[in-house]
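Okay, here's what each chain looks like letter by letter:
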Amino acid sequence: MKAIVLAGGYATRLWPITRNRPKMFLPVGEGTVIDDVFADLEADSRVDEVYVSTNERFADDFRDYLADSEFEKPVVSVEETVDEDEKFGVVGALAQLIDREGIDDDLLVVAGDNLISFDLAEFGDFFQEKGTPCLAAYDVGSKERASSYGLVELDGDRIVDFQEKPEQPKSTLVSIACYAFPAETLPQFDEYLAGENNPDEPGWFVQWLQSREAVHAFTFDGAWFDIGTPESYLDAVEWKLDGENLIADDATVDAELGENVHVMSGATVDGGRLDRSVVFDDATVVDSSLRDSIVDTASYVEGLDLSGALVGAHSEIADREE
């Protein structure tokens, strides 16, 4: 089995924090967002190659990251440059990668910004048992949230209807961008695209596929975070820290701390209070109150009361008495 980890995109909703870094490298607990995905694939003996699908801008970041990591399977596969006005999309990128890398085995596809509570090997077991295209599905508990994803309707564990981003969802069970395709299904990517179907989200391809053959859903309880906004990122940090605080050994913290605070290497927090916030390496926070906020690398914050703030790298914001 081969695996593709989707790691393209520019995460503009998380700017300025992700202006110069892939969101998959955002720290969550002791690791990063993408580490759990890599670790699961590394441990699964069925998976012999892992392709990290990313854009040219971040390709070197991923190469450097993997070179310094313990992971041996992942290799970077760069999306080819296309004309700016050409609509390409994730499905197009998948078809391109399958062709570029000559993939003709069963294929697992997972979004690199997914933080999930199940082991991907469990999903692989389900896929092998069914022998059909499969996806992972999760109950988001809100029809408003469900309208942003692919809606899944089941008969047992077989998908009987799939609607990508419906305006009026009938349920709250959604696809979470974790898919598995038998080898014989892969040529249908080209067939789908040749029919001028929507090349964007993989859900459109699944919707098309489900109307032609059996597709099954692996449902799970627990946790799932689609990390695309500051709120969802901090939710993931809160889940990982579980009420505790994570302070780097070489950070200096002399302040009141609430829960789910992460202060990284070389950072200084002097005075004030922090709640559910992340302070990146070498940043300085002085006499400030931070709630649900992110302060990026080597920034300086003084004398402020911030809630829901994103402070970009190498920034200085302060309220000093003259």
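Our subject is the structure listed above.
Residues numbered from 1 in each chain as written. Predicted model: local features only at pLDDT ≥ 70, side-chain atom pairs only at ≥ 80, totals over all residues. Heavy atoms only, no water.

Chemist: Could you clarify how one ought to interpret the pattern of salt bridges in this entry?
Modeler: Two side chains with opposite charge may pair up if their charged atoms get near one another. A complete count under the given rule lists 17 salt bridges for this structure. The salt bridge involving Arg 46 is made with Asp 44; its shortest N-O contact spans 3.0 Å. Overlapping salt bridges, with partners in common, bring together Lys 2, Asp 48, Glu 49 and Asp 105 in one network. (Salt bridge = Lys/Arg side-chain N within 4 Å of Asp/Glu carboxyl O.)

Chemist: What am I meant to see in empty space enclosed by the protein here?
Modeler: Using a probe with the size of a water molecule, rolled over the atoms, empty space left in the structure can be pinpointed. Counting across every chain of the model gives one cavity of 30 Å³ or more. The computed volume of the largest cavity comes to approximately 30 Å³. Lining the largest cavity are Ala 7, Gly 8, Gly 9, Tyr 10, Ala 11, Pro 22, Lys 23, Met 24 and Phe 58. Tallied by class, residues from the lining of the largest cavity come to six nonpolar, two polar and one charged. (1 Å grid on protein atoms, 1.4 Å probe; cavity = no way out; pocket = protein on both sides within 12 Å on 5 of 7 lines; lining within 4 Å. Points joined across faces, edges and corners; volume = space filled by probe spheres on them. Nonpolar A, V, L, I, M, F, W, Y, C, P; charged D, E, K, R; others polar.)

Chemist: Looking at this structure, I do not really get the pairing of strand β1 (residues 2–6). What am I missing?
Modeler: Consecutive side chains of a regular strand alternate in pointing toward one face of the sheet and then the other. Among the five residues of β1, five are classified as buried, and the element is accordingly described as predominantly covered. Residues Lys 2, Ile 4 and Leu 6 of β1 are buried on one face, and the alternating residues Ala 3 and Val 5, pointing to the opposite face, are buried as well. Bridge analysis of β1 against strand β6 (residues 107–111) gives five bridges, and the strand direction is parallel. By the bridge assignment, Leu 6 is partnered in β6 with Ala 111. Alignment of β1 against strand β4 (residues 49–54), held across five bridges, turns out to be parallel. Residue pairing in the sheet places Lys 2 in a bridge with Glu 49 of β4. (Buried < 20%, exposed > 50% of the residue type's maximum accessible area, 1.4 Å probe, protein only. Helix = DSSP H or I, 4+ residues; strand = E, 2+ residues; numbered from the N terminus. Pairing = 2+ DSSP bridges.)

Chemist: Would you explain the packing of aromatic side chains in this entry?
Modeler: One pair of aromatic rings is described through two measures. These are the centre distance and the angle between the planes. All chains considered together, the criterion is met by 18 aromatic pairs. With a centroid separation of 4.3 Å and an interplanar angle of 20 degrees, the aromatic rings of Phe 25 and Tyr 65 are classed as stacked. Placement of the pair is Phe 25 in the loop between β1 and β2 (27–28) and Tyr 65 in helix α2 (residues 59–67), with a sequence separation of 40 residues. Three or more aromatic residues joined by ring pairs make a cluster, and in this case those are Phe 118, Phe 123, Phe 126, Tyr 138, Tyr 149, Phe 218, Phe 220 and Trp 224. (Phe/Tyr/Trp six-rings, centres within 6.5 Å; stacked < 30°, edge-to-face > 60°.)

Chemist: What is the right way to look at the sheet that holds strand β18 (residues 278–279) in this model?
Modeler: Strand pairing in a sheet relies on backbone hydrogen bonds. The paired strands run either parallel or antiparallel. Reading across the sheet, the five strands line up as β14-β16-β18-β20-β23 and stay open at both edges, with parallel pairing between neighbours. Two strands lie at the open edges of the sheet, namely β14 (246–247) and β23 (310–311), each paired on one side alone. Relative to β18, strand β16 (residues 262–263) runs parallel, the two sharing two bridges. Following the sheet pairing, Val 263 is matched in β18 by Val 279.

Chemist: What exactly am I supposed to notice about the packing of helix α6 (residues 187–194) against helix α7 (residues 202–210) here?
Modeler: Describing two packed helices takes the angle between their axes plus the distance from one axis to the other. Close contact between α6 and α7 brings their axes to 11 Å; oriented N to C, the two are set at 100 degrees. By the criterion of interaxial angle, the relationship of α6 to α7 is roughly perpendicular. Of α7, the residues touching α6 (which contributes Gln 188, Phe 189, Glu 191 and Tyr 192) are Trp 204, Phe 205, Trp 208 and Leu 209. Here the residues of the contact of α6 with α7 sort into six nonpolar, one polar and one charged. (Axes fitted to C-alpha atoms, helices over the stretch in contact; angles between N-to-C directions. Parallel < 35°, antiparallel > 145°, perpendicular 65-115°, else oblique. Contact = heavy atoms within 4.5 Å.)

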